[in-house]
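Given next are the chains, with one letter for each unit.
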Amino acid sequence: MADSTHRGGSGRGFSGDRRRGGSGRSGGYGNNSSHRGAGPRGAGDGGRRGAWSGPRHRDDDDQGREHDRRGGRRNDRSDRPGSRQSGRDRGQDHDVVDRRGYGKYADEPVAPLDFDEDALPPAIKAELRSVPTDVAHIIEGHVVAAAELLEEDPKLAHQHAQAALRRAARLPVLREVAAETAYAAGEYASALNEYRALRRMTGNDNLLPVMADCERALGRPQAALKLIREGEESERLSSSQRVELVLVKAGAREDMGQQAEARRLLRGAIATVKASDEAEARLHYAYAELMLTSGDVSTARKYFATADSLDASELLDAADRLKELEAGEKGDDK
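Each value, and the rule that gives it
- Residues numbered from 1 in each chain as written.
- Predicted model: local features only at pLDDT ≥ 70, side-chain atom pairs only at ≥ 80, totals over all residues.
- Heavy atoms only, no water.
- Core = buried A, V, L, I, M, F, W, Y, C linked by side-chain atoms within 4.5 Å.
- Buried < 20%, exposed > 50% of the residue type's maximum accessible area, 1.4 Å probe, protein only.
- Helix = DSSP H or I, 4+ residues; strand = E, 2+ residues; numbered from the N terminus.
- Axes fitted to C-alpha atoms, helices over the stretch in contact; angles between N-to-C directions.
- Parallel < 35°, antiparallel > 145°, perpendicular 65-115°, else oblique.
- Left-handed = near helix turned anticlockwise from the far one by under 90°.
- Contact = heavy atoms within 4.5 Å.
- Nonpolar A, V, L, I, M, F, W, Y, C, P; charged D, E, K, R; others polar.
- Expected span 1.5 Å × (residues − 1).
- Arc of directions from axis to C-beta.
- Salt bridge = Lys/Arg side-chain N within 4 Å of Asp/Glu carboxyl O.

(A) Fine view of the nonpolar core. Membership of the largest hydrophobic core comes to 26 residues, with the highest contact counts inside it found for Val 243, Leu 247, Leu 266, Leu 283, Tyr 285 and Phe 304. Within the residue set of this core, elements represented by two or more residues are helix 9 (239-255), helix 10 (259-272), helix 11 (277-293), helix 12 (297-310) and helix 13 (318-333). If one sorts the elements of this core by residue count, helix 11 sits on top with 9 residues. Ranked by size, the runner-up nonpolar core spans 23 residues in total, among them Tyr 183, Leu 208, Met 211 and Leu 245.

This is the structure we're talking about:
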C-alpha cells in the first residue's frame, strides 16, 4: 500500500475516483452528495488494508472451527461427567463469551482458525502478546477473515472486526481493523467513532483526512472542514496525505454548493502539489469529474487523460471514462 497504514501512513484512499471494476464512489472527493464516501476504499490496491491484513486461512476440513490449533489451554477433564468445561467450550455450547474472551457472541461470525500464524503481520503479533494465547488466536482468525472479506463482503468483514475488538478493545490495531471495515461497509458513524478512538490512542494526525471524509459522508461538511483545517496545520502529514485533505475539502465545498471553490482547490493542487503519481492521478481524476459535472466535456477529457497517464498501476478507471466520453460523442454525431 502507498502510505501503508493509518497509524504510520495515510488513510486508504478515501477518494472520489472510481476504481477499475468498482462502482462510483465519492469518499474524499466526489460530486454525488447523496452517496458520499461510498464503497470500499483502496488507493493502492483496490481496497487497501493497513498493517492488519493477514494471511489467508488454509482451506481444509477444519476451516472455521473455533478450536485451539496451538495445542494449549485445553481442559483434559472436560469430558468427565459433571466436569466444568473450559471457557472456550462453554462459549461454543452456549453462544456466549466469558470475561477472558472465549466462545462466541450470538450475533458474530465464526472465526477461521486454521491459518499460517507465521504469516501474520508483525504489528498484529506484537500487540496481541498481552492477550492469552488461545484468545489471541481467535482474534487473529477474525482479523484474517476481515482482511479476506473487505472487498467482497465488507459488512461481514466488519462483523469479524467487531468480534476481534470485543476481545481486546484497548489494542490500536483492532481499532484500525474496526474503523476500516466500518468505512468500507458504509457505516460512517461507526467508522468515525473508531477513528477517533484510534487517534486518541496513537496521537496520529494521519487519520484526519479519513475522519473528515466520514463527517462529509454523514452530511456534515462544516465538521469535515474543521478537521481539514486541523490537518493543514499539522506538520506530520506527507504530501500524499495532504492530497487526501484537498480531495475531501473540495468535496465538502461542493456539498455546500460552492462548485467554483471546489474547482479552484483542485486546480491549485494540480498546479502546485508534488506527490506520488498515484496521488496526483487522483487529483486529475477528481478535477475531470467536477468539470464533467459542470458540462465542460473538453476539459474533463483532458484531465481524465492525464489521470490515466499518471496511473501506471491502473488503479483508476480513467481510461474507461475516456472511452465513455468518446462513445457518447460518437452517438451525438449520428
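(B) Region of the structure containing the packing of helix 10 against helix 11. Running from N to C, helix 10 and helix 11 cross one another at 150°; their axes reach a closest spacing of 9 Å. Considered as vectors, helix 10 and helix 11 are oriented roughly antiparallel to each other. Relative to helix 11, the crossing made by helix 10 is left-handed. The residues of helix 11 that touch helix 10, namely those facing Gln 259, Ala 262, Arg 263, Leu 266, Arg 267, Ala 269 and Ile 270, are Leu 283, His 284, Ala 286, Tyr 287, Leu 290 and Met 291. Classifying every residue of the contact of helix 10 with helix 11 by side-chain character gives 9 nonpolar, 2 polar and 2 charged.

(C) Local environment of helix 10. Between its terminal C-alpha atoms helix 10 stretches 20 Å, which fits the 20 Å expected from 14 residues at 1.5 Å a residue. For helix 10, every residue scored as buried is listed here: Ala 262, Leu 265, Leu 266 and Ala 269. Angular distribution of buried residues about the axis of helix 10 spans 90°; they occupy a single face of the element. In helix 10, the exposed residues that point more than 90 degrees away from the buried face are Ala 271 and Thr 272. At its buried positions, helix 10 is contacted by helix 9 and helix 11.

(D) Geometry of the packing of helix 6 (residues 188-202) against helix 7 (residues 208-217). Interaxial distance between helix 6 and helix 7 falls to 9 Å at its minimum, and their mutual angle equals 155°. With respect to helix 7, the axis of helix 6 lies roughly antiparallel. Considering the relative orientation of helix 6 and helix 7, their crossing is left-handed. Of helix 7, the residues touching helix 6 (which contributes Tyr 188, Ala 191, Leu 192, Tyr 195, Arg 196 and Arg 199) are Leu 208, Val 210, Met 211, Cys 214, Glu 215 and Ala 217. Grouping the constituent residues of the contact of helix 6 with helix 7 by class yields 9 nonpolar, no polar and 3 charged.

(E) The arrangement of the pattern of salt bridges in detail. Taken as a whole, this structure holds 16 salt bridges when the rule is applied. Between Arg 166 and Glu 108 there is a salt bridge, and its shortest N-O distance comes to 3.1 Å. Highlighted residues: Arg 166 in helix 4 (residues 154-167) and Glu 108 in the loop between helix 1 (87-94) and helix 2 (122-127), separated in sequence by 58 residues. Given a relative accessible area of 38%, Arg 166 falls into the partly exposed group. Given a relative accessible area of 4%, Glu 108 falls into the buried group. A salt bridge links Glu 289 to Arg 321; the nearest nitrogen and oxygen atoms lie 2.8 Å apart. Placement of the pair is Glu 289 in helix 11 and Arg 321 in helix 13, with a sequence separation of 32 residues. Relative accessible area serves as the criterion here: at 11%, Glu 289 is assigned to the buried category. The structure contains a network of salt bridges with shared partners spanning Asp 107, Glu 108, Arg 166 and Arg 167.

(F) Spotlight on the environment of Ala 252. Mapped onto the secondary structure, Ala 252 falls in helix 9. A relative accessible area of 0% places Ala 252 in the buried class. Spatially, the C-alpha atom of Ala 252 lies 9.1 Å from that of Ala 212, the residues being 40 residues apart in sequence.

(G) Spatial organisation of unusual backbone geometry. In this structure, Glu 314 is a non-glycine residue whose phi angle is positive, near 55°. Looking at Glu 314, the relative accessible area reads 48%, which means it is partly exposed.

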